[in-house]
Amino acid sequence: MSAPVPPLPSEQGRLEELYQSVILDHNRRPRNHRAMEVADGRAEGRNPLCGDEITVWVRLEGDTIADISFKGAGCAISRASASIMTTAVKGHTVAEAEALFERFHELVTTRTPATAELGSLAVFSGVARFPVRVKCASLSWHTLRSALRDGAAAARAQ
Ligand SMILES: [Zn+2]
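Residues numbered from 1 in each chain as written. Predicted model: local features only at pLDDT ≥ 70, side-chain atom pairs only at ≥ 80, totals over all residues.

1. What about the overall build of the chain?
Across its full length, the chain holds 4 helices and 3 strands. Starting at the N terminus and ending at the C terminus, the chain contains elements arranged as α-β-β-β-α-α-α. Along the first, second and third principal axes, the C-alpha set of the chain runs to 80 × 30 × 25 Å. Every one of the 158 residues in the chain was classed for burial, and the buried ones make up 35%. In the chain, the share of contacts with a sequence separation of at least 24, taken over all contacts with a separation of at least 6, comes to 64%. (Helix = DSSP H or I, 4+ residues; strand = E, 2+ residues; numbered from the N terminus. Buried ≥ 20, exposed ≤ 12 C-beta atoms within 10 Å, placed from the backbone. Contact = placed C-beta atoms within 7 Å.)

Structure (structure tokens):
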């Protein structure tokens, strides 16, 4: 009997490797990772299951998320997700960010294939196979939603 031939990496395998490298890159060099001095909205989020903690700041211009930043401590998935979330919603309207969150949530909780509009968020498609990681991936989005509500409240109070 000859030695078994190792299988060639499948298309799916290569895609997962690419996704993994994007997540590791955002974890190592998170984008928009800073506290904001003057913000319209701010919220803190925690994922006690994993120990992830995050603070999200937003600055609004009308309905548009003009600036967004975060600081946090936690696992690679939560940090990378926060970093990619900030790049995905910056410059978009609050309604667009909400819609993106809905699609992202669907991606990580079901096995719906990623669509082009998800962009970099597609790297989290594998999370659906690990239910315990869903909270890590969606923590920053829930916190963004709270920060936007905080911002809306501040705007009404003016
Ligand atoms: Zn986590």
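2. What about the sheet that holds strand β1 (residues 41-47)?
Taken in spatial order, the 3 strands make up an open sheet running β1-β2-β3, and their pairing is antiparallel. Because the sheet does not close on itself, it has two edges, and the strands there are β1 and β3 (64-73). The mean angle between the axes of side-by-side strands here comes to 20 degrees, regardless of whether they run parallel or antiparallel. In terms of strand pairing, β1 meets strand β2 (residues 52-61) through 7 bridges, oriented antiparallel. Bridging from a neighbouring strand, Arg42 pairs with Trp57 of β2. On the sheet, helix α2 (residues 76-89) packs against β1, β2 and β3 and is oriented at approximately 170 degrees with respect to β3. (Pairing = 2+ DSSP bridges. Axes fitted to C-alpha atoms, helices over the stretch in contact; angles between N-to-C directions.)

3. Points about the nonpolar core
Among the nonpolar cores identified, the biggest contains 35 residues, and Val58, Val89, Leu121 and Leu144 are the most heavily contacted of them. If you list the elements that add at least two residues to this core, you get β2, β3, α2, α3 (94-109) and α4 (131-157). With residues up to four places along the chain from it excluded, the contact list for Val89 reads Ile65, Ile68, Ala97, Leu100 and Leu144. (Core = buried A, V, L, I, M, F, W, Y, C linked by C-beta atoms within 7 Å.)

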